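Chain by chain, the residues:
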Amino acid sequence: MQKGYIPRVLGLAPNRHNRRKDKRFFLWLTVAALALRLLFVFRFRLIETDGFVYGDLARNLLQQHVYGLSTPAGAVPIYFRLPGYPLFLAFIFSIFGMEHYTAAMLVQAIVDVGTCFVIADLTRRTVGASAAKAAFLLAACCPFLANYAGAVLTETLAIFFAAAALDLAIAALQKQRLKFWALCGAALAAGILLRPDGGILLAIIGGYLGYILVRGAQIRHTIAAGALVCAIAVLPLVPWTVRNWRVFHRFQPLAPRYANDPGEFVPLGFKRWAKTWIIDYSSVDDVLWKVPGEAADAGKLPARAFDSAEERSRTEQLFAAYNQQLDISPELDTEFAALARERIRRAPLRYYVWSPALRVAGMWLRPRTELLPLDSHWWRFLEDPHDSAISILWAALNLFFVGAAVLGLRRISQIRYAGMMLAFVLARSLFLATLENPEPRYTLECYPVVLVFAAGALAPKKDWND
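Residues numbered from 1 in each chain as written. Predicted model: local features only at pLDDT ≥ 70, side-chain atom pairs only at ≥ 80, totals over all residues. Heavy atoms only, no water.

**Focus on the nonpolar core**
- Core analysis: the largest hydrophobic core is formed by 87 residues, its most contacted members being Trp181, Cys184, Leu188, Met421 and Tyr447.
- Here this core takes 12 residues from helix α8 (residues 155-175), the largest share from any one element.
- Those residues in contact with Trp181 that sit more than four places away from it in its chain are Ala169, Ala172, Leu173, Ile205, Leu209, His221, Ala225, Leu228 and Val229.
- Residues Ala274, Ala296, Ala298 and Leu332 belong to the second largest nonpolar core, which totals 22 residues. (Core = buried A, V, L, I, M, F, W, Y, C linked by side-chain atoms within 4.5 Å. Buried < 20%, exposed > 50% of the residue type's maximum accessible area, 1.4 Å probe, protein only. Helix = DSSP H or I, 4+ residues; strand = E, 2+ residues; numbered from the N terminus. Contact = heavy atoms within 4.5 Å.)

Spelled out as structure tokens, the structure:
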């Protein structure tokens, strides 16, 4: 390893005395970061439906060599979940024992500490060494990142690979070396195999290379870099696509939009109706996740779900029909679709502009307590002051991170490659606006960029780009 590599990555001071102080800073913060993540692993761990689905896929991969879910007749192949996270769990289970979710969480805790170092390096490259220390402090103490180490979900790994892909892309742009582009492509590939929306970052990095190409700078190198990063990022999807074609006779390079099996009915009318009024996570928790399979209480619908007393009555009748069968039939879905069309016709701006904007704002700004045993209706102070107080504290902490990042925009002209990082945040936010389920976790892949800009706001400007 090249001499001085580690000090440069960590942004350590050049003289020996200050470097010793910086090493202690990173050492103790690393211990604190790991302790915070272990707290969530052992005190607030969470394994819900998605986690058990991933675990079942991993177990069947190991025991029956089938990428599918368990049934009385054996494992049945599926394609509504990409294989990245099940492969990770299968690797953990093969070493520590079947369904050893604690081991998976412990590995995720270590990976998330690694994410702190990646964010620090990203900040060092784009802002400066002092800001890198601030970014490491923010990332190490960020409970929103740490929280997901204790959940059997893709978030911890997806955030790591998003941060790594950005860091490697910027390293490649600075050093003009193809090996960094190859590593960037590998990080993007891992992110896409974890979540299909990982392709957004590939599009942003590819678009930035296209921008460089249009400017006419280093044409041959830029073309080679773009071809290399795209080929490596997409290559792992080839065997997955071939497998889906052979097993299901469908061209499916990614997971289906609604996580449905081939031929499974998707109630698009109901989902479109939900998008006419859902703007917050609590509505997802109250209604959307209960359909199908559980009784849904129309009394929990907010006032914005109706434009008139007549519409409220029709909606309640549809919910009563659903509760009799606990499923959305094609006929019932047609009724919801008609209701959605009427609501959109009456207020098109509400459907196409205001509701999507409010969903994105909610994902960015609401209390990030979705993994904690707290009431999602955080504003009900009189009913549950304990949960409301904790939720407000977490909302304030989230507002601190986001607010500091916004303040960092004042220095945007001094942040290297700020345009590419902001384009990623904007593109991902626009994509999230199209979803009917505004879950705050979907914005966490943007948090490495948030922490870079927040660190830029907190670090003294005289120490920038040192």
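Next comes the rest of the description.
**Some remarks on empty space enclosed by the protein**
- Scanning the model with the defined rule gives three cavities of 30 Å³ or more in all.
- Lining the largest cavity are 13 residues, and of these Ala162, Gly191, Gly198, Leu201 and Glu445 sit closest to its centre.
- Mapped onto the lining of the largest cavity, the elements with two or more residues apiece are α8, α9 (178-194) and α19 (418-432).
- The element best represented in the lining of the largest cavity is α8, accounting for four residues.
- The calculated volume of the second largest cavity comes to roughly 40 Å³.
- Taken together, the residues of the lining of the second largest cavity sort by class into four nonpolar, one polar and two charged. (1 Å grid on protein atoms, 1.4 Å probe; cavity = no way out; pocket = protein on both sides within 12 Å on 5 of 7 lines; lining within 4 Å. Points joined across faces, edges and corners; volume = space filled by probe spheres on them. Nonpolar A, V, L, I, M, F, W, Y, C, P; charged D, E, K, R; others polar.)

**Looking at the pairing of strand β1 (residues 68-71)**
- The pairing of β1 with strand β2 (residues 74-77) spans four bridges and is classified as antiparallel. Bridge pairing links Gly68 to Pro77 in β2. (Pairing = 2+ DSSP bridges.)

**Description of the packing of helix α13 (residues 268-275) against helix α16 (residues 330-346)**
- Between α13 and α16, whose axes approach to 7 Å, the crossing angle comes to 30°. Here α13 lies roughly parallel to α16, going by the angle between them. The handedness of the crossing between α13 and α16 is left-handed. Taken together, the residues of α16 that come into contact with α13 (itself represented by Leu268, Gly269, Phe270, Arg272 and Trp273) are Asp333, Phe336, Ala337, Leu339, Ala340, Arg341, Arg343 and Ile344.
- Partitioned by chemical class, the residues of the contact of α13 with α16 number eight nonpolar, one polar and four charged. (Axes fitted to C-alpha atoms, helices over the stretch in contact; angles between N-to-C directions. Parallel < 35°, antiparallel > 145°, perpendicular 65-115°, else oblique. Left-handed = near helix turned anticlockwise from the far one by under 90°.)

**Thoughts on the state of the cysteines**
- Throughout the structure, instances matching the rule amount to zero disulfides.
- No disulfide involves Cys141; its sulfur sits 8.5 Å from the nearest other cysteine sulfur, which is in Cys116.
- Among the residues examined, Cys141 registers a relative accessible area of 42% and is labelled partly exposed.
- Residue Cys184 stays outside any disulfide, its sulfur separated by 9.5 Å from that of Cys230, the closest cysteine. (Disulfide = S-S within 2.5 Å.)

**Notes on helix α6 (residues 129-140)**
- Relative to the 16 Å expected for 12 residues at 1.5 Å per residue, α6 spans 16 Å between its end C-alpha atoms, a close match to the ideal helical length.
- Of all 12 residues that make up α6, nine are buried, and the element is covered over most of its length.
- Of all the positions in α6, only Ala129, Ala131, Ala132, Ala134, Ala135, Phe136, Leu138, Ala139 and Ala140 are classed as buried. (Expected span 1.5 Å × (residues − 1).)

**A look at the pattern of salt bridges**
- Here the structure, examined in full by the defined rule, presents 25 salt bridges.
- One salt bridge in this structure joins Arg350 and Asp307, with 2.9 Å as the shortest N-O distance. Remark: Asp307 occurs in the loop between α14 (281-286) and α15 (309-325) and Arg350 occurs in helix α17 (residues 348-365); sequence separation between them is 43 residues.
- Here Arg343 makes a salt bridge to Glu311, at a shortest N to O gap of 2.7 Å. Here Glu311 lies in helix α15 and Arg343 lies in helix α16, a separation of 32 residues in the sequence. Here the two residues Arg343 and Glu311 agree in accessibility, since each one is buried.
- Among the charged side chains, a network of salt bridges with common partners joins Glu155, Arg195, Asp197, Arg428, Glu439, Arg441 and Glu445. (Salt bridge = Lys/Arg side-chain N within 4 Å of Asp/Glu carboxyl O.)

**A few points about the packing of aromatic side chains**
- With the rule as written, the count across this model stands at 28 aromatic pairs.
- Here the aromatic rings of Phe401 and Tyr447 are separated by 6.0 Å at their centres, their planes lie at 65°, and the arrangement is edge-to-face. One end of the pair, Phe401, is in helix α18 (residues 385-408); the other, Tyr447, is in helix α20 (residues 447-458), with 46 residues separating them in the sequence.
- Look at Phe401 and you get buried, because its relative accessible area is 4%.
- Each member of the aromatic cluster is reached from another via a ring pair, and the members are Phe40, Phe44, Phe144, Trp394, Phe400, Phe401 and Tyr447.
- The residue whose ring lies beneath Lys133 is Phe25, and the NZ or CZ to ring-centre distance is 5.0 Å.
- Sitting over the face of the ring of Tyr258, Arg257 holds its NZ or CZ atom 4.4 Å from the ring centroid. (Phe/Tyr/Trp six-rings, centres within 6.5 Å; stacked < 30°, edge-to-face > 60°. Lys NZ or Arg CZ within 6 Å of the ring centre and 35° of its normal.)

**Focus on the packing of α19 against α20**
- The interhelical angle for the contact between α19 and α20, taken along N-to-C directions, is 135°, at an axis separation of 9 Å. Viewed along their axes, α19 and α20 adopt a mutual orientation that is oblique. Considering only the axes of α19 and α20, their crossing is left-handed. Mapping the contact onto sequence places Ala418, Met421, Leu422, Phe424 and Val425 in α19 and Val449, Val452 and Phe453 in α20.
- Here the contact of α19 with α20 is built from residues that sort into eight nonpolar, no polar and no charged.

**Some remarks on unusual backbone geometry**
- Cis peptide bonds are those with omega within 30 degrees of zero, and the linkage from Val291 to Pro292 qualifies with -5°.
- At His65, a residue that is not glycine, the phi angle is positive and equals roughly 55°.
- Inspection of the secondary structure puts His65 in the loop between α3 (49-63) and β1.
- Among the residues examined, His65 registers a relative accessible area of 68% and is labelled exposed.
- Positive phi values are uncommon outside glycine, yet His249 reaches one of about 60°.
- Counting through the fold element by element, His249 comes out in the loop between α12 (237-248) and α13.
- Exposure remark for His249: the relative accessible area of 61% places this residue in the exposed category.

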